[in-house]
Amino acid sequence: MKKLASLVFGLFFLLGMAGSEKHQPNTLVVIEGADAGQMNPLFANSAPEFLYFGLILESLSGTGPNFSVIPWLARSWTHTPDGLHWTVNLERGVRWSDGMPFDSKDVVFTWKTMQDPKVGFPYAGQFAYIKKVMPLGPYRLRFDLAQTNALFESLALGSPILPEHILGKIPPERQRTSTFGQHPIGTGPYQLASWQHDSEAVFVRNPHWWHGTAKIPRIDFRIILDDQARVEAIENSSADLYDSMSAIDYEEIKHDAPHLHLLHLPDLFSIFVEPNLRRPGLSDLQVRRAMMYAWDREAITNGLLHGDAQEVNSIEPRALTHWYDPHVQGYPYDPRRAATILDAAGWRVGSDGVRRKNGVPLSFEMLLPAGQILAAEAAAEFQADMQAVGIAVAVKQLDYSTFIQRLNTLNFELAYTGWGGSSDPDEFTFLDSSQLAPIGNNLTGYKNPIVDRALRLGLTTLDPAKRRLAYNRVQEVTAQTLPVLWGYDEFYRAAYSSRLQLHPESALPDLSLWYDVYDWSLSPS
């Protein structure tokens, strides 16, 4: 699934406090700017949530170097020549962190739960092609598909498996409110030891881990409120890793702390303004086109972000170099052209400076999560750019849970947010007309039959050349029809001390940095 559902800014926004005490010799201290709300993967919608449960829960397939798909809880799998029937063989001897055995009933339960509409799993639409999951024994099962799917191995087999002996006792409609999200158990290398929300989350080695023993005994995530305090924590060695930092912090650390190691990788997330296309004004393509020309994105990429970001006009991030199409329609900053488009479409400037048509004003509220200075400044620049062409935008900052709730219930007009996290170009749940919220993650209400056909071809064909043509078509049409107002791609940035031994040569951006955390180690201080 595309991680973070539709929202990447959760990684930057929820804020808290962290202690300044020195770490213990066997503890990896990680600095984060946001905390998770819960750890149940059925309802995860922020980067911290994906990060946390990724230490605890595992899937049938895993991630290897260069985003390769590798067997994990599944020892192996085979399929029929038509690709519609897959037999999966599970690892034996796996135990949950409470000591209970893992077997095929956990896998069957997981899929039954994900596909039950009473549960409300937001990615269920991505897996509608899976007709049946049935056990063939305690360590063997079969998936029957309605059609072939190019992402079955990476996405379906890569979905976290849940403990049937815990969650199977809870009715589907009560899964969301169960205590599992606060007290999860898993088969992964770590288990939750303690959690003080918006302050600190501590994970320790799972003594029942089937794959061996994680090299680092304890991981202490500290949520720090202040940007500068995060920089100081990594510079003064009270932390080992500053995960996912801003461009400003990266430049400061690069200049002031030569003793630290730095990671700077193309980001799989794209930042944009998401419009609710059901709202008058925003439903007009000419208005959205004008907004694109009126938005000075270069002022953000080269100003606020100090050149450490790239403008995009595509649904695919530039990091996916094999899939990204640089030739789609672009929208260079041109406020005069924006005004001309609005004039031609009948949106006239009123005495208050706001354009109207048939009594409908171009006046919108834009939501963003509270607490991150750069995002607030970028939103203020967007607001000023829109005002210059007669579009009024009121910026409203919300706590992250309220922000998510407003988007998921479609109670918004504009949202400063983003999308991404996957190494595959599939955008089905985000763009397909069958995936309108709350069924999927199409929050904008975007509907385009050409895009629908291309998305479904990209998912059902296993031919790489045909997939490439399909996703080129998706990029071409969405660049013209603007389901979102394209913004920019940043970079994943991190700083870590010499005490932390990871594998920079095979590091992957964003949450995938942690794919081999069990193999990281700490050298003596």
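Throughout what follows, the structure given in this document is the object of discussion. Since the structure is predicted, the reported quantities are computational estimates derived from the model, not experimental observations.

Before going further, it helps to examine helix α12 (residues 400-408). Among all positions of α12, only Y400, F403, I404, R406 and L407 are buried. On an axial view of α12, the arc spanned by its buried residues comes to 160 degrees, and they lie on one face. Phi turns positive one or two residues past the end of α12, at L410, with a value near 65 degrees.

Moving on, we get to unusual backbone geometry. The residue S244 is not glycine, and still its phi comes out positive at about 55 degrees. By the secondary structure assignment, S244 is in the loop between β11 (241-242) and α7 (247-256). Judged by relative accessible area, which is 14%, S244 ranks as buried. The phi dihedral of L482 falls on the positive side, at around 55 degrees, and the residue is not glycine. Mapped onto the elements of the fold, L482 is located in the loop between α15 (464-481) and β20 (485-496). A relative accessible area of 0% means that L482 is categorised as buried.

What follows covers the sheet that holds strand β14 (residues 348-349). Spatial strand order, β14-β15-β16: 3 strands in an open sheet with antiparallel pairing. Every other strand in the sheet has two partners, leaving β14 and β16 (360-361) as the edge strands with one partner each. Pairing of strand β15 (residues 355-357) with β16, which is carried by 2 bridges, proceeds in the antiparallel orientation. Within the sheet, the bridge partner assigned to R356 lies in β16 and is P361.

In this section: the packing of helix α14 (residues 449-460) against α15. As a packed pair, α14 and α15 sit with axes 8 Å apart at the nearest point and diverge in direction by 155 degrees. Here α14 lies roughly antiparallel to α15, going by the angle between them. Pair α14 / α15 crosses with left-handed handedness. Between α14 and α15, the residues in contact are I450, V451, A454, L455, L457, G458 and L459 and R467, A470, Y471, R473, V474, V477 and T478, respectively. Its residues placed into classes, the contact of α14 with α15 shows 10 nonpolar, 2 polar and 2 charged.

Tallied over the entire structure, the rule returns 17 salt bridges. Residue R222 is joined to E200 by a salt bridge in which the shortest nitrogen-to-oxygen separation is 3.8 Å. Placement of the pair is R222 in strand β10 (residues 218-223) and E200 in strand β9 (residues 200-205), with a sequence separation of 22 residues. Residue R222 is classed as buried on the basis of its relative accessible area of 5%. Between R230 and D227 there is a salt bridge, with the nearest N and O atoms lying 2.5 Å from each other. You can see R230 and its partner D227 sitting in helix α6 (residues 227-235), 3 residues apart, about one turn around the helix. A relative accessible area of 6% places R230 in the buried class. When salt bridges that share partners are traced, they join E200, D220 and R222 into one network.

Conventions and cut-offs
- Residues numbered from 1 in each chain as written.
- Predicted model: local features only at pLDDT ≥ 70, side-chain atom pairs only at ≥ 80, totals over all residues.
- Heavy atoms only, no water.
- Buried < 20%, exposed > 50% of the residue type's maximum accessible area, 1.4 Å probe, protein only.
- Helix = DSSP H or I, 4+ residues; strand = E, 2+ residues; numbered from the N terminus.
- Arc of directions from axis to C-beta.
- Pairing = 2+ DSSP bridges.
- Axes fitted to C-alpha atoms, helices over the stretch in contact; angles between N-to-C directions.
- Parallel < 35°, antiparallel > 145°, perpendicular 65-115°, else oblique.
- Left-handed = near helix turned anticlockwise from the far one by under 90°.
- Contact = heavy atoms within 4.5 Å.
- Nonpolar A, V, L, I, M, F, W, Y, C, P; charged D, E, K, R; others polar.
- Salt bridge = Lys/Arg side-chain N within 4 Å of Asp/Glu carboxyl O.

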